[in-house]
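Here is how the chains run, residue by residue.
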Amino acid sequence: DKAPLSKSLLLVPSAISILLTLLFQNYQKFFAYNLQAIKEEFQIWRLVCGRTICLDLKDTFCSSLLIYNFRIFERRYGSRKFSSFLLGAWMLSALFDLLLVEITQYIFGITINSLPSGFLGPVFALFVPFYSSIPRVQVAQVLGHFSITNKTLVYILGLQLLTSGSYIWILALSGLVSGICYNSSILKVHQILCVPSWVAKIFSWTLEPVFSSAEPTNEVRVGMGATVDIQRQQRMELLDRQIMMSQVAQMRQQRQQQQDGMINWNRLFPPLRHRHNANYQDRRPSEQDTPPPTEVSEEQVARLMEMGFSRGDALEALRASNNDLNVATNFLLQH
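Treat the numbers as computed from the prediction; the structure is a model and nothing was measured.

### Thoughts on helix α17 (residues 311-320)
Step number 1: Residues of α17 that are buried include every one of Ala 314, Leu 315, Ala 317 and Leu 318, and no others. When α17 is viewed along its axis, its buried side chains cluster within an angular range of 170 degrees and face the same direction.
Step number 2: Asn 322, located one to two residues past α17, shows a positive phi value of around 60 degrees.

In structure tokens:
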């Protein structure tokens, strides 16, 4: 929903790749990314065919999953701006492919005649806005040291795609460089390499009705999520938050009963000497009455600040949760 270009990039190249692999293997040579034919025989059309359709089903599967995850940019910026990014990254990565091949041959003496085919350059370029603009939220922690975030699966898919071929690192590097150049506000590439408005209108009238989908109506909206996916995530986070808060409350209650051996009534009914009295307005708590401040980890403060919270709120939440990052995150989300 609200991502027709991403849907077309999922269906059309994947269908052509499957057909070329299973039924029309004789036509695969027309979609090979043959650099030697481009440079010596000036077959410029191979830049279009060889950099659009994947001939390896593994690359097709991984790139399709990545495009599915990157559809959030089309929903956030619109189809025209998203297509402009893909067009600019595709053109820039084609130039960087040739440059990197020449540099590799000049430095290492390795002659590269062909590269893996497919829409791989723009896919790797999308990792640049994904890294810079999508917030990093911790989902789980493995062995107490390795954090699993909402971005982990996407990075694993990118790593899997990176290891699928011998020279695919050239496509990955050129894609990342093209994404950085397109996102750079200094180079102003996005003002030059963009889809004209009249072209966007033509595609919106012709192809968008074919690939557009109706918004799902069988799900109840939760919270203020702009899309159904965000609302699903909010629903899951709400359930996880409720379970976690109940577990924390039970742990605190057990810890308090072990320390005091009974319910601490002082938390519910403060002693009279702690109540504000007109005759003791200037009374200050002694050093014994003041609990020692909880030491806060700067690494956890930095993680909360990466999510968009202020430093003061992060410090307060971590102190209140006894340096428990998950509890502090839930506390800030609720308040």
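### Observations regarding the UniProt feature "transmembrane region" (unreviewed entry) in the chain
Step number 1: The sites that carry the UniProt feature "transmembrane region" (unreviewed entry) are, in the present numbering, residues 6-24, 85-108, 114-132 and 153-177.
Step number 2: The span residues 85-108 is 100% helical and 0% strand by assignment, and the distance between its end C-alpha atoms comes to 32 Å.
Step number 3: As annotated, residues 153-177 comprises 80% helix and 0% strand, and the C-alpha atoms at either end are separated by 22 Å.

### Focus: the packing of aromatic side chains
Step number 1: Within the structure shown, the criterion is met by 10 aromatic pairs.
Step number 2: Both rings, one in Tyr 27 and one in Phe 30, keep their centres 6.3 Å apart while their planes meet at 35 degrees; by these two values the pair is tilted.
Step number 3: Judged by relative accessible area, which is 46%, Tyr 27 ranks as partly exposed.
Step number 4: Using a relative accessible area of 36% as the deciding quantity, one classes Phe 30 as partly exposed.
Step number 5: Taken together through their ring pairs, the aromatic side chains of Phe 70, Phe 73, Tyr 77, Phe 124, Phe 127, Phe 130 and Tyr 155 make up a single cluster.
Step number 6: Lying across the ring of Tyr 77, Lys 81 places its NZ or CZ 4.8 Å from the centre.
Step number 7: The ring of Phe 130 carries Lys 151 above its face, with NZ or CZ at 5.3 Å from the centroid.

### Focus: the nonpolar core
Where a protein is soluble and globular, its nonpolar side chains tend to be buried together.
Step number 1: In terms of nonpolar packing, the biggest core is built from 41 residues, with Leu 66, Phe 70, Leu 115 and Leu 161 touching the most fellow members.
Step number 2: Secondary structure elements with two or more residues in this core: α2 (35-40), α4 (57-69), α6 (79-108), α7 (120-125), α8 (127-133), α9 (152-162) and α10 (168-183).
Step number 3: The element best represented in this core is α6, accounting for eight residues.

### Regarding α10
Step number 1: Helix length check: α10 (16 residues) gives 23 Å between terminal C-alpha atoms against 22 Å at 1.5 Å per residue, within 8%.
Step number 2: Those residues of α10 lying buried are Ile 168, Ile 170, Leu 171, Ala 172, Ser 174, Gly 175, Ser 178, Gly 179, Cys 181 and Tyr 182.

### Points about a nonpolar patch on the surface
Step number 1: Taken together, the side chains of Ile 18, Leu 19, Leu 22, Leu 23, Phe 24, Tyr 27, Phe 30, Trp 45 and Leu 57 make up a nonpolar region of the molecular surface, amounting to roughly 880 Å² of accessible area.
Step number 2: At three residues, helix α1 (residues 4-22) tops the list of elements feeding residues into the nonpolar patch.
Step number 3: Among the secondary structure elements, Phe 30 is positioned in the loop between α1 and β1 (33-34).

### Looking at the pattern of salt bridges
Step number 1: One pass over the full model with this rule turns up three salt bridges.
Step number 2: Residues Glu 102 and Lys 39 are paired through a salt bridge, measuring 3.2 Å at the closest nitrogen-oxygen approach. Linking Glu 102 in helix α6 with Lys 39 in helix α2, this pair joins segments that are 63 residues apart in sequence.
Step number 3: Residue Glu 102 is classed as partly exposed on the basis of its relative accessible area, which comes to 38%.
Step number 4: Among the ionic pairs, Arg 51 bridges to Asp 97, the shortest N-O distance being 3.4 Å. Of this pair, Arg 51 sits in the loop between α3 (45-49) and α4 while Asp 97 sits in helix α6; the two residues are 46 residues apart in sequence, bridging distant segments of the chain.
Step number 5: Look at Arg 51 and you get buried, because its relative accessible area is 3%.

Rules of the game
Residues numbered from 1 in each chain as written. Predicted model: local features only at pLDDT ≥ 70, side-chain atom pairs only at ≥ 80, totals over all residues. Heavy atoms only, no water. Buried < 20%, exposed > 50% of the residue type's maximum accessible area, 1.4 Å probe, protein only. Helix = DSSP H or I, 4+ residues; strand = E, 2+ residues; numbered from the N terminus. Arc of directions from axis to C-beta. UniProt positions renumbered as here; feature names shortened; annotations may be inferred. Phe/Tyr/Trp six-rings, centres within 6.5 Å; stacked < 30°, edge-to-face > 60°. Lys NZ or Arg CZ within 6 Å of the ring centre and 35° of its normal. Core = buried A, V, L, I, M, F, W, Y, C linked by side-chain atoms within 4.5 Å. Expected span 1.5 Å × (residues − 1). Patch = residues over 30% accessible without salt bridge, like charges linked within 9 Å, V, L, I, M, F, W, Y side chains within 5 Å. Areas by Shrake-Rupley, 256 points an atom, 1.4 Å probe, with all protein chains shown as cover. Salt bridge = Lys/Arg side-chain N within 4 Å of Asp/Glu carboxyl O.

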